[in-house]
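# Overview (structure and organization)
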Amino acid sequence: MQIKKLFTGVVGVAGVCLFGSLPAKATARLQTWQFDTGQNRFMFTTESGVQPQVSLLSNPKRLVIDLPGIITDEAVGDQLIGGAVQAVKVMQADARTTRMVLELAPDYQLDPQQVKVWGLTDHQWVVQLPSAIPLATPTAQAKADPSPLPPLLSRNQVSYMPVALAATVIQGVQTTPNGFFMPVAGAIPQVQIYRTRDAHQMRQLVVDVVNASIPPQLTPEALPHHRYGISRWAVTQFRTLPPAVRIALTLDATSPDWQVTLAQGGIVLTPVGVAAPQIATAPTTVVLPVLSTAQVSSPSQPPNPTASAAPQPAPSSTASIPNRERVVVMLDPGHGGADPGAIGLGGLQEKGVVLAVAQQVAATLQSQGITVRMTRQGDQTVDLQPRVDMAAAAHATVFVSIHANAVNMQRPEVNGLETYYSSDSGLALATVIHRRVLSSLPMGDRGVKQARFFVLRRTTMPAALIEIGFVTGATDAPKLRDPQWQAQMGQAIAQGILDYLRGGR
Ligand SMILES: [Zn+2]
């Protein structure tokens, strides 16, 4: 029985979205596929563009991904994976269609709304299964065979983003006889350590390095592979203010616990109990977005963010937010992936600017103990209906979409802030955010307006869409591309959301 087609149609907003149907050649081949158990996602690449059809079937429970216009050279029987996805099959469904079947564990509860499908490009796709997986009760077989996760092509991950100058540049990771060494250039790194668990309850060690960056040439392949019981390295650059780098190590059962020490030349990781030189560190000044549903076991809440020199109004943080622990803010950075959004002066792309701003909004809100979800965390193509669906599935308290504006290039004199709402419930949210941004940053006021944008119309919670300036504007464009201004904008939007949650009108 087919329960639901998961990949929905395409709807544009404001005339700047570039989604479209993609032509399929019958001779194009499936090139690679891979299931990343660490991220609980299935990835594949094809020779040419494809529009995958994803369906969830029951009895037995399985996720079927059909690739119209794609053929495969090798039919693959059960490739055993383990965990929520027990096996993957690849076959030729008909002369023009490749079918990939993910066999799901019988006790794996999968809400079809939470399966996300997106294209990194039109021939590189990700099928993301929800990360909040109830641990499957071990089967008799699993008990008898506690083998580690199967080795995958590259489970490591590096998420690079250009950032403003950072005090410390982390150059890579080296394996040493005693553990690992991360050489750095510049200042002695400031780090914050968390011990947590990933979606599979695997132990994780998370090292946040403040005022730091990574070089663009750092690749997943350059990170250690399965050394000392570390099954995965994930290095992520954040465009916070100052920028920061998160290094997350997934520890398998054989790994010791690790301690982190700092030296002039870098960061030293050694098994707990092994002596290493100690250097006191300065207090941390930035809070990074929490990436997953994993529970941070220590320390409790990170300290207040912002070493920012931003002219920021003091948040009235003493006023309480009703039901703070149940509040969920859904942030929606516009566009992404194949859809750059508006393109402005000097080729400035809306999708990158709004993601950086949204990441800062998330970091600021999370530092106040607010749960944040994002419709995209990186440069991914995400359709509009899934954005609405994500907000509904998360039971979001508010939905805030972040965009940048554009007119034609011959109108550089058009600049300023606009905030939109659709229903009455969004008016107060839009007004409060708009007011807070204008009081925090010098920019033109183009008003709070009503518009029937898709994500405002289809969401059921109070929703606002903020256009943070014109990528085509002579005044706005240089600010929009400035990481420091992006961070200030993110903090101002976050303060506006907090104003609203405290009951502001
Ligand atoms: Zn937009």
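In what follows, the accompanying structure is described.

Rules behind the numbers
- Residues numbered from 1 in each chain as written.
- Predicted model: local features only at pLDDT ≥ 70, side-chain atom pairs only at ≥ 80, totals over all residues.
- Helix = DSSP H or I, 4+ residues; strand = E, 2+ residues; numbered from the N terminus.
- Pairing = 2+ DSSP bridges.
- Axes fitted to C-alpha atoms, helices over the stretch in contact; angles between N-to-C directions.
- Contact = placed C-beta atoms within 7 Å.
- Core = buried A, V, L, I, M, F, W, Y, C linked by C-beta atoms within 7 Å.
- Buried ≥ 20, exposed ≤ 12 C-beta atoms within 10 Å, placed from the backbone.
- Parallel < 35°, antiparallel > 145°, perpendicular 65-115°, else oblique.
- Left-handed = near helix turned anticlockwise from the far one by under 90°.
- Nonpolar A, V, L, I, M, F, W, Y, C, P; charged D, E, K, R; others polar.
- Expected span 1.5 Å × (residues − 1).

### Quick look at the environment of tyrosine 108
Position of tyrosine 108 among the secondary structure elements: in the loop between strand 9 (97-104) and strand 10 (116-121). Sequence separation of tyrosine 108 and valine 85 is 23 residues, and the distance between their C-alpha atoms is 8.6 Å.

### Topic: the sheet that holds strand 26 (residues 398-405)
Taken together, the six strands give an open sheet; going across it, the order is 25-24-26-29-27-28, and neighbouring strands pair in mixed fashion. What marks the edges here is a single partner per strand, and that holds for strand 25 (371-374) and strand 28 (445-450). This sheet shows a mean twist of 20° between the axes of neighbouring strands, independent of strand direction. Two elements, strand 24 (residues 328-333) and strand 25, share four bridges in a ladder whose sense is parallel. Bridge pairing in strand 25 links leucine 331 to methionine 374. The strands touched by helix 2 (residues 350-367) within the sheet are strand 24, strand 25, strand 26 and strand 29 (463-470), with strand 26 carrying the most contacts at an inclination of about 145°. Helix-sheet contacts for helix 7 (residues 483-501) involve strand 24, strand 26 and strand 29, and the interaxial angle to strand 26 is about 150°.

### Concerning the nonpolar core
Val329, Leu331, Val357, Ile433, Ala464, Ile493 and Ile497 are the most contacted members of the largest nonpolar core, which has 61 residues in total. In terms of residue count, helix 2 provides more of this core than any other element does, ten residues in total. Beyond its immediate sequence surroundings of up to four residues, alanine 464 is in contact with Val400, Thr419, Tyr420, Tyr421, Gly426, Leu429, Ala430 and Ile433. The next biggest cluster of nonpolar side chains, apart from the first, holds 32 residues, and it includes Ala212, Ala244, Val245 and Ile267.

### Points about the pairing of strand 3 (residues 41-46)
Residues Phe42, Phe44 and Thr46 line the buried face of strand 3, whereas the alternating positions Arg41, Met43 and Thr45 sit on a face that is not buried. Direction of pairing for strand 3 relative to strand 11 (residues 124-128): antiparallel, over a ladder of five bridges. From the neighbouring strand, threonine 45 faces strand 11, where its bridge partner is glutamine 124.

### Notes on the packing of helix 4 (residues 424-440) against helix 7
At a closest axis distance of 8 Å, the pairing of helix 4 and helix 7 adopts a crossing angle of 140°. One finds that helix 4 runs oblique with respect to helix 7. Of the two elements, helix 4 crosses helix 7, and the hand of that crossing is right-handed. Contact with helix 4, carried on its side by Ala428, Leu429, Val432, Ile433, Arg436, Val437 and Ser440, involves Gln488, Met489, Ala492, Ile493, Gln495, Gly496, Ile497, Asp499 and Tyr500 of helix 7 and no other residues of that element. Grouping the constituent residues of the contact of helix 4 with helix 7 by class yields ten nonpolar, four polar and two charged.

### Some thoughts on the environment of threonine 375
In this structure, threonine 375 sits in the loop between strand 25 and helix 3 (384-393). Dropping the residues within four chain positions of it, threonine 375 is found in contact with Met330, Asp332, Pro333, Val382, Arg387 and Met390.

### Digging into unusual backbone geometry
The backbone of tyrosine 228 shows a phi angle near 55°, a positive value even though the residue is not glycine. Phi at histidine 395 is positive, roughly 50°, even though this residue is not glycine. Residue histidine 395 is classed as exposed on the basis of its 12 C-beta neighbours within 10 Å.

### Quick look at the packing of helix 2 against helix 7
Orientation of helix 2 relative to helix 7, taken along the N-to-C sense of each, is 50°, at an axis distance of 7 Å. It follows from the interaxial angle that helix 2 and helix 7 lie oblique. Crossing of helix 2 against helix 7: the hand is right-handed. Residues Val353, Ala356, Val357, Gln359, Gln360, Val361, Thr364 and Leu365 of helix 2 lie in contact with helix 7, whose contacting residues are Pro483, Gln486, Ala487, Met489, Gly490, Gln491, Ile493, Ala494 and Ile497.

### Comments concerning helix 7
Here helix 7 contains 19 residues, and its C-alpha end-to-end distance of 27 Å stays within 8% of the 27 Å for a straight helix at 1.5 Å per residue. Of all 19 residues making up helix 7, 18 are buried, and the element is well covered by its neighbours. The positive-phi residue at the C-terminal boundary of helix 7 is glycine 503, with phi of around 105°.

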